[in-house]
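Descriptive analysis of the structure
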Amino acid sequence: MRKLIYILMISLLAVALCEQTEAKPKRHARTKARTHSVAKRKTVAKPKPAVVVPRLDADGDVINPYLQCEDTCDHVHGIDLSHYQGQVFWETVGENTKMAYVYLKASEGGDRIDPYFERNIELAHRYGLKVGSYHFFRPKTALEHQLRNFMAQCLPGEQDLIPMVDVETTANLPTEEFCDSLTKFLRLMEVAYRQKPLVYTYRNFYNKHLQGKLDNYRLMVAMYTDEEPVLADGRDYTLWQYTAKGRIVGVKGYVDKSRFKGRHGLREIRYRH
């Protein structure tokens, strides 16, 4: 009887040892799988948010990259751009609701075109801005060549705003001769586009050369001060370019910013199709 009990105990012990031996690999497999899962989660973990480091501009002032306007921010604002700003991130600019319009450089003189113009006008439209085009006027260059150069870039169907002529130099011509050249070019533009162009110039340049010469044209006047510019002949103007050191997210470096003066508004410079 004792012998039978002894044999039975040996059999039970053998069965228990076998079960324990088979269980070990299963626990090892689960441990391995859990370790792999943890490693996988570590691989796809989200990176820590980038730290924004303050930067200073050329004047030593802290740059606020999210600043939409450098004056009161109570006006309808716009910007003008050329190849000097390089590649612009238009999706970001379009989200900046204070920037209602943009003027893009299209051409200069008789044969220069802005290499970024086509890209800029396509993307500015895509992301919801009202777009106009401008030409940098060269007084000594043949007027017909300048008009042809501008018209090859500034297509009426792509314009939301009237064309603009950038007037910054007399090219050493006497004032009367310079003004004669400019007014003839403005008339050519008016005939070509069936509406008067906007004229951009600096306050001091206007006071020295253009008083009484542009009474029938809307003006954008540039002067970078805290107070609105006053023209020597007292005439009204539509837009004030108040800074050449503006900042806006989506544009690297400085950008020119302007706003409507007084009761003037966007409807006054809309392109009439």
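Residues numbered from 1 in each chain as written. Predicted model: local features only at pLDDT ≥ 70, side-chain atom pairs only at ≥ 80, totals over all residues. Heavy atoms only, no water.

Right, let's talk about the overall build of the protein for a bit. Scanning the protein from N- to C-terminus turns up six helices and nine strands. Out of the 273 residues belonging to the protein, those deemed buried represent 40%. Carbon and sulfur atoms make up 55% of the accessible area of the protein, which amounts to about 16,600 Å² in all. (Helix = DSSP H or I, 4+ residues; strand = E, 2+ residues; numbered from the N terminus. Buried < 20%, exposed > 50% of the residue type's maximum accessible area, 1.4 Å probe, protein only. Areas by Shrake-Rupley, 256 points an atom, 1.4 Å probe, with all protein chains shown as cover.)

Bringing the environment of Ala192 into the picture now. Here Ala192 lies in helix α5 (residues 175-193). In this structure the C-alpha to C-alpha distance between Ala192 and Leu147, which are 45 residues apart in sequence, comes to 8.6 Å. When sequence neighbours within four positions are dropped, the list of residues in contact with Ala192 reads Leu147 and Met151. (Contact = heavy atoms within 4.5 Å.)

Because an α-helix completes one turn every 3.6 residues, residues spaced three or four positions apart along the sequence face the same direction. Looking only at helix α4 (residues 143-153), the buried set comprises Leu143, Gln146, Leu147, Asn149, Phe150 and Gln153. Take α4 and look down its axis: the buried residues cluster within an arc of 160°, on one side only. Exposed side of α4, more than 90 degrees from the buried face: Arg148 and Ala152 are the residues found there. Structurally, α4 contributes buried residues whose contacts are with β2 (99-108), β3 (112-113), α3 (117-126), β4 (130-136) and α5. (Arc of directions from axis to C-beta.)

The angle between the axes and the distance between the axes are what describe a pair of packed helices. It is the contact of α4 with α5, at a shortest axis distance of 10 Å, that shows an interaxial angle of 40°. One finds that α4 runs oblique with respect to α5. α4 and α5 meet at a crossing whose hand is right-handed. Contacts between α4 and α5 involve Leu143, Gln146, Leu147, Phe150 and Met151 from the former and Ser181, Lys184, Phe185, Leu188, Met189, Ala192 and Tyr193 from the latter. Looking at the contact of α4 with α5 residue by residue, the classes come out as nine nonpolar, two polar and one charged. (Axes fitted to C-alpha atoms, helices over the stretch in contact; angles between N-to-C directions. Parallel < 35°, antiparallel > 145°, perpendicular 65-115°, else oblique. Left-handed = near helix turned anticlockwise from the far one by under 90°. Nonpolar A, V, L, I, M, F, W, Y, C, P; charged D, E, K, R; others polar.)

This next bit is on the confidence of the model for the protein. Interpretation of this model should avoid reading the predicted coordinates in detail wherever pLDDT is low. Per-residue pLDDT for the protein averages 80, and the proportion of residues at 70 or more is 71%. Confidence drops under a pLDDT of 50 for residues 2-7, and excluding neighbours within four residues, the segment shows zero contacts in the predicted structure. Scored below 50 in pLDDT, residues 13-53 shows zero contacts in the model against residues more than four places distant or in partner chains. (pLDDT = per-residue confidence, 0-100.)

Quick look at the environment of His83 now. Tracing the sequence through the fold places His83 in the loop between β1 (77-81) and α2 (90-94). Separated by 21 residues in sequence, His83 and Leu104 have C-alpha atoms that sit 9.2 Å apart. Look past the residues within four positions of His83 in its chain and what remains in contact with it is Asp114, Pro115 and Tyr116.

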